[in-house]
2 protein chains.
Amino acid sequence: MELTNALRKTIQSLDTVKGRRATSLFMAEGTKCVLELIPFFKLNCLIATSEWIDQHKIADIESDNVIVSGRGEIRKISRLTTPRDVIAVFEIPESVDLPCDLTERLVIALDRVQDPGNLGTIMRIADWFGVTDIIASNDTADCFNPKVVQATMGAIGRVKIHYVDSLADTLAGLSASMPVYGTFLDGKNIFDVPLSPTGVIVMGNEGTGISDAVARAVTSRLLIPPYPAGSDTVESLNVSMATAITVAEFRRRQY
Amino acid sequence: MELTNALRKTIQSLDTVKGRRATSLFMAEGTKCVLELIPFFKLNCLIATSEWIDQHKIADIESDNVIVSGRGEIRKISRLTTPRDVIAVFEIPESVDLPCDLTERLVIALDRVQDPGNLGTIMRIADWFGVTDIIASNDTADCFNPKVVQATMGAIGRVKIHYVDSLADTLAGLSASMPVYGTFLDGKNIFDVPLSPTGVIVMGNEGTGISDAVARAVTSRLLIPPYPAGSDTVESLNVSMATAITVAEFRRRQY
């Protein structure tokens, strides 16, 4: 393979959802991120300096997929402020149907979480706490956005996001067989109420929270109480922090 | 007051620590952020559109400090991708000595936390959970960096950061009278061990964690366990998430 203009253009197109849909590809940068993703995704091509390739002799990469390139070239393609010595392009796996045994798991659902940084952080939290599946409304940030891929630090290989057309309908269906939790300012103190080891934890949009339609599918309304409890809280916790605290509390009861 | 070139230059200089030190000023943008900070900091000047000023008749602002300006002008001074209708310049308060009754409080200590976004998020967590004082090593991000100010969503008015020359020495001093906690991969499960309602929680640098010198002042090593406990965890939680989960767990035991 060679670093042709066509390939450069393809890689540039991976910044947008449109480009990623058209090609079914996404990109990742930097040694740590690239090496963590290689076991999980089919490699389309790997562009690296000759030093990097010498240092990281990766047995299972076909040499056909490797492009040796100079730092200057890599810098031009990179999306990072500080470009690294390796860029990989992977195939986006075909969308995975919701696993049928979801009722046996603790699952996160995202209602229009729009900031790529927040999505990446939430995927890392899921990864740390053994949550392998996230259901997301179609208007949630795309997990193959380069910013999300970098922010997940490899979690994108271990945590699957299932995008659905109507999160409200999906949750309404699930609520028949498992509890659906959401955090609301009028919810019950999460530290005081019983929590099921399996269920769905819904997190909402950065500005507007959980939408009314999705809220109707919530069977248990929770609150992360400010301290001291009942304090006036002008500003709520952001969605990543709320996810970290909520998922940690569910898992705390299970260790 | 007028929007002179000198004032424009001053505001531009507030992007850097050097500029903020030279002028003892910092800036904030947007209605929410500006209105939340007015009660806490002395206003140097407020630059806003005439519509904004009509909408937000603020009784305690002296008209001498107000500059009516067009959107185009504000856009030029703004540091935001989406400029708002108001920019305020405040005086940085003189540095506050460590309060002597620190032993009665739950305090956060930051060892070289460098990302302004992380510092802002940590200040919001502190604010939510009633932690009013943060001790920070001098090489921690500056809380008056415009990015931190915007990220704190007003918490910068309620949470004080005390920068110290040697965090290790400060903590060693405090450890005589109160427990000093830190999270480490070889620590004890935070959910299982006794936690004091007062004490210091040390959080470390994004890349390298808590430095050896500071670690020596830690009296109790904690771990936020992955789930299932004992899982291989390639990547640790980032510092903001670890702070959120740790502070929530300390407060959970006190509600």
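See the structure printed just above.
Residues numbered from 1 in each chain as written. Chains lettered and ligands numbered in written order. Predicted model: local features only at pLDDT ≥ 70, side-chain atom pairs only at ≥ 80, totals over all residues. Heavy atoms only, no water.

**With respect to the pattern of salt bridges**
Put simply, the test is: Any Lys or Arg side-chain nitrogen found within 4 Å of a carboxyl oxygen on Asp or Glu counts as a salt bridge. Only DSSP runs of H or I reaching four residues or more are called helices, and only runs of E reaching two or more are called strands; each is numbered from the N terminus. Note on exposure labels: buried denotes an accessible area under 20% of the residue type's maximum, exposed denotes more than 50%, and partly exposed covers the range between, all computed with a 1.4 Å probe on protein chains only.
In the structure shown here, the tally under the stated rule is 26 salt bridges over all chains. Residues Glu91(B) and Lys42(B) are paired through a salt bridge, measuring 3.8 Å at the closest nitrogen-oxygen approach. One end of the pair, Glu91(B), is in strand β4 (residues 86-91); the other, Lys42(B), is in the loop between α3 (31-37) and β2 (43-48), with 49 residues separating them in the sequence. A salt bridge links Arg105(B) to Asp133(B); its shortest N-O distance comes to 2.4 Å. Residue Arg105(B) is found in the loop between β4 and β5 (106-111), and its partner Asp133(B) is found in strand β6 (residues 133-137); the two are separated by 28 residues along the sequence. Of the residues examined, Arg105(B) reaches a relative accessible area of 24% and is grouped as partly exposed. Residue classification places Asp133(B) among the buried residues on the basis of a relative accessible area of 4%. One connected set of salt bridges, linked through shared partners, spans Arg8(A), Glu73(A) and Lys76(A).

**Thoughts on the interface of chain A and chain B**
As a reminder of what qualifies: The contact definition used throughout considers only heavy atoms, calling two residues in contact when any of these lie within 4.5 Å. Two parts placed together each lose some accessible area under a 1.4 Å probe, and adding up what both lose gives the buried area. Under the scheme applied here, ten amino acids are nonpolar (Ala, Val, Leu, Ile, Met, Phe, Trp, Tyr, Cys and Pro), four are charged (Asp, Glu, Lys and Arg), and all others, including Gly, are polar.
Tallying the contact residues gives 33 residues for chain A and 34 residues for chain B. Regarding the contact of chain A and chain B, the summed buried area is about 3,200 Å², with carbon and sulfur atoms giving 69% of it. The interface formed by chain A and chain B holds zero salt bridges in total. No other element matches helix α11 (residues 239-252) of chain A, which puts seven residues into the side of chain A that touches chain B. The class makeup of the residues in the side of chain A that touches chain B is 18 nonpolar, seven polar and eight charged.

**Observations concerning the side chain of Ser196(B)**
Residues and elements named next belong to chain B. Selection criterion: Polar contact is defined as a pair of N or O atoms within 3.5 Å, subject to the rule that within protein one atom must be able to donate a hydrogen and the other to accept it, and that residues adjacent in sequence are counted only when both atoms are side-chain atoms.
Looking at where Ser 196 falls in the secondary structure, it is placed in the loop between β8 (180-189) and β9 (199-204). A polar side-chain atom of Ser 196 sits 2.5 Å from the main-chain carbonyl oxygen of Thr 198. Apart from the residues within four sequence positions on either side, Ser 196 is in contact with Pro 179, Tyr 181 and Phe 250.

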